[in-house]
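Survey of secondary and tertiary structure
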Amino acid sequence: MRTTPFPATLRRQWGLDLSPGQLYAILRLRQDVFVVEQNCVYADVDGHDLDQGTRHFWLEADGSHDPLAYLRLVEEPDGTFRIGRVATARMARGRGFSRRLMQAALVDVGTTPCVLDAQTYVTDFYASFGFVVEGAEFIEDGIPHMRMVRTP
């Protein structure tokens, strides 16, 4: 059952325009979800957060600067897009925040091909945005994933 939504402000920022405080808060959320909660030790800081074509999307509670949910959109050298690092704070789940972030990111993507590596248990969520599974399941950092693509 979904909880009652509460006001959250959508933020969109180019990687190069992030303030140190914004970058810290984003990295903290990703660490909390992926490294601590999912017990997955991996190199989250991969060199793409400050790339020229990287966009960061997050939702923050009104009156707060801490992200409740987050998504990273990377423009690949070939012009396609990659969605990744989709994370929602435990206390903010079930409010449709990831859906709002996906909708916002896909506005930027437009009709350009887009790819993501989905944790297997959420492939139906991404399929609701037109992504289709490509290839076989694979293990990344100990977690089953599926490559998914969305083409115009």
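The present account deals with the structure reproduced in this document.

Cut-offs and rules
- Residues numbered from 1 in each chain as written.
- Predicted model: local features only at pLDDT ≥ 70, side-chain atom pairs only at ≥ 80, totals over all residues.
- Heavy atoms only, no water.
- Helix = DSSP H or I, 4+ residues; strand = E, 2+ residues; numbered from the N terminus.
- Rg over C-alpha atoms; globule rule 2.2 N^0.38 Å.
- Contact = heavy atoms within 4.5 Å.
- Lys, Arg positive; Asp, Glu negative; His and termini not counted.
- Charge placed at Lys NZ, Arg CZ, Asp CG, Glu CD.
- Buried < 20%, exposed > 50% of the residue type's maximum accessible area, 1.4 Å probe, protein only.
- Core = buried A, V, L, I, M, F, W, Y, C linked by side-chain atoms within 4.5 Å.
- Expected span 1.5 Å × (residues − 1).
- Pairing = 2+ DSSP bridges.

All right, on to the overall build of the protein chain then. A count of helices and strands for the protein chain gives three helices and eight strands. The C-alpha radius of gyration of the protein chain comes to 15 Å, within 12% of the 15 Å expected for a compact globule of 152 residues. Along the first, second and third principal axes, the C-alpha atoms of the protein chain reach 40 × 35 × 30 Å. Contacts spanning at least 24 positions in sequence make up 62% of the contacts within the protein chain whose residues lie at least 6 apart. Distance between charge centres in the protein chain, computed from 16 positive and 20 negative side chains, equals 6 Å.

Glancing now at the environment of R90. Structurally, the position occupied by R90 is in the loop between strand 4 (81-88) and helix 2 (97-109). Look at R90 and you get exposed, because its relative accessible area is 59%. R90 sits 26 residues away from L116 along the chain, and the two C-alpha atoms are 22 Å apart.

Here the focus is the nonpolar core. With 35 residues, the main nonpolar core has L71, L73, I83, M102, L116, Y126 and F131 as its most contacted residues. Contributions of two or more residues to this core are made by helix 1 (20-37), strand 2 (55-61), strand 3 (67-75), strand 4, helix 2 and strand 5 (114-119). When residues of this core are assigned to their parent elements, the largest contribution, seven residues, is made by helix 2. Among residues more than four places away in sequence, those in contact with I83 are L71, R72, L73, M102, L106, C114, V115, L116 and F131.

Here we take up helix 1. Between the first and last C-alpha of helix 1 there are 24 Å, a value that for 18 residues agrees with the 26 Å anticipated at 1.5 Å per step. Turning to helix 1, its buried residues number three or more, namely A25, I26, L29, R30, V33 and F34. Where the residues of helix 1 are buried, they touch strand 2, strand 3, strand 4 and strand 5. With its phi angle positive at about 50°, N39 sits one or two positions after the end of helix 1.

Right, let's talk about the pairing of strand 2 for a bit. Judged by how many residues are buried, strand 2 sits mostly within the fold: seven of seven residues are covered. With burial as the criterion, each face of strand 2 is covered, one bearing R55, F57, L59 and A61 and the other bearing H56, W58 and E60. Relative to strand 2, strand 1 (residues 8-14) is paired through seven bridges, and the arrangement is antiparallel. Its bridge partner being in strand 2, A8 is matched across the sheet by A61. With six bridges connecting them, strand 2 and strand 3 associate as antiparallel partners.

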